[in-house]
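# A structural walkthrough
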Amino acid sequence: MSGSVIRLKPFYYIHVLDNNANVTTVETGPQTFTVMDHQTVVLKETPMIIVPPRNYCIISNPVLRDSDGHVVTDSHGQVKLHHGDEEIRFEQEPFPLYPGEQLYGKVSPLQVVAPLTALKLRAIRDFTENKISFKAGDEWLFFGPGTYFPRVEVQVVEIVRATIIGPNQALRLRAKKEVTDRRGSHRQTGEEWIIKDEGAYIPDVNEEIVKTESAVILTDKKALQLRATR
């Protein structure tokens, strides 16, 4: 395409290789671009990535940016990349992909967490959010209703749904490891306890539901013989 003229429409871009410097750059529209003899168009006219409101996309090998948000290049003018890493981008102006960047999957809507449900999340690398430090392997819950904004450091394990405790019912819970329950009581690994409060209950990541207990109705002619297990 040497010597040719490319009329780039708005929100379109191309990748141009400089054969003298072996550097690939991005040209964005709207513009009329003339391909010089030492240049080769390695990516033809391509529409920019558009992320509408309440959507996101994942970019593999994202470009490195400085503190002002400008793309960082090396001494030859080639953009620097976070090789092997990923970046999540939310609603913003349409943007091109720099040489080496790739769109992972497609632009997707944000996940809405319904009432009486929660997302079980797991950190896959160390990070800090809102002055709270998370270590790889930590797990926690994101309670609904709400919109979950994903992070590359966090994996969604599963959706946890609330269990309804009705009248004359209770939930028997077991601690997966040492944990402080929502009432402030410290529980040892394997310890079991009862939740009698009526309504919806979502177990913590370190709790598991053993079963739902039903009340036994006692009359003046009926009694229960009980034995302590500890």
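Basis of the calculations
- Residues numbered from 1 in each chain as written.
- Predicted model: local features only at pLDDT ≥ 70, side-chain atom pairs only at ≥ 80, totals over all residues.
- Heavy atoms only, no water.
- Helix = DSSP H or I, 4+ residues; strand = E, 2+ residues; numbered from the N terminus.
- Rg over C-alpha atoms; globule rule 2.2 N^0.38 Å.
- Buried < 20%, exposed > 50% of the residue type's maximum accessible area, 1.4 Å probe, protein only.
- Lys, Arg positive; Asp, Glu negative; His and termini not counted.
- Charge placed at Lys NZ, Arg CZ, Asp CG, Glu CD.
- Polar contact = N/O pair within 3.5 Å; in protein donor to acceptor, adjacent residues only side chain to side chain.
- Contact = heavy atoms within 4.5 Å.
- Salt bridge = Lys/Arg side-chain N within 4 Å of Asp/Glu carboxyl O.
- Phe/Tyr/Trp six-rings, centres within 6.5 Å; stacked < 30°, edge-to-face > 60°.
- Lys NZ or Arg CZ within 6 Å of the ring centre and 35° of its normal.
- Pairing = 2+ DSSP bridges.
- Axes fitted to C-alpha atoms, helices over the stretch in contact; angles between N-to-C directions.

### Looking at the overall build of the protein chain
- When you go through the protein chain residue by residue, the secondary structure sums to 0 helices and 24 strands.
- Computed over the C-alpha atoms, the radius of gyration of the protein chain is 28 Å, more than 25% above the 17 Å expected from 2.2 N^0.38 for a compact globule of 230 residues.
- In terms of principal-axis extent, the alpha carbons of the protein chain reach across some 100 × 30 × 25 Å.
- By the burial criterion, 33% of the 230 residues in the protein chain qualify as buried.
- Distance between charge centres in the protein chain, computed from 28 positive and 30 negative side chains, equals 9 Å.

### Side note on the side chain of Arg187
- Relative to the assigned elements, Arg187 resides in strand S21 (residues 186-187).
- A polar side-chain atom of Arg187 sits 3.1 Å from a polar atom in the side chain of Glu191.
- In this view, Arg187 contacts Ala175, Lys177, Glu178, Val179, Asp181 and Trp193; residues no more than four positions away in its chain are not counted.

### Thoughts on the environment of Val71
- By secondary structure assignment, the location of Val71 is in the loop between strand S7 (55-60) and strand S8 (86-89).
- Placed 27 residues apart in sequence, Val71 and Tyr98 show a C-alpha to C-alpha distance of 9.7 Å.
- If we skip the residues at most four places from it in the chain, Val71 touches Val63, Leu64, Arg65, Val79 and Tyr98.

### Topic: the pattern of salt bridges
- Across all of its chains, the model carries 16 salt bridges by this definition.
- Among the ionic pairs, Glu139 bridges to Lys120, the shortest N-O distance being 3.6 Å. Of this pair, Glu139 sits in strand S15 (residues 139-143) while Lys120 is found in strand S12 (residues 117-123), placing the two residues 19 residues apart along the sequence.
- For Lys120, a relative accessible area of 10% puts it in the buried group.
- What emerges from the salt-bridge pattern is a single network uniting Arg172, Arg174, Glu192, Glu208, Lys211 and Glu213.

### Let's talk about the packing of aromatic side chains
- Under the defined criterion, the tally for this structure stands at 5 aromatic pairs.
- Ring centres of Phe90 and Phe149 lie 5.5 Å apart, and the angle between their planes is 65°; on these two criteria the pair is classed as edge-to-face. Of this pair, Phe90 sits in the loop between S8 and strand S9 (92-95) while Phe149 sits in the loop between strand S16 (146-148) and strand S17 (154-161); the two residues are 59 residues apart in sequence, bridging distant segments of the chain.
- The class of Phe90 is partly exposed, set by a relative accessible area of 26%.
- Of the residues examined, Phe149 reaches a relative accessible area of 46% and is grouped as partly exposed.
- Centroid distance Phe127 to Phe134: 4.9 Å. Interplanar angle 15°. Geometry classified as stacked. Each of the two residues, Phe127 as well as Phe134, counts as buried.
- Taken together through their ring pairs, the aromatic side chains of Phe127, Phe134 and Trp140 make up a single cluster.
- In this arrangement the basic side chain of Arg182 is found over the ring face of Tyr201, its NZ or CZ atom lying 4.7 Å from the centre.

### Comments concerning the sheet that holds S17
- Taken together, 3 strands build an open sheet; the order of strands is S15-S12-S17 and the sheet is antiparallel. The sheet is open, and its two borders are formed by S15 and S17, each paired with just one other strand. Here the average twist between neighbouring strands, direction ignored, is 30°.
- Relative to S15, S12 runs antiparallel, the two being bridged by 5 bridges.

Purely spatial values, then, with no claim about function.
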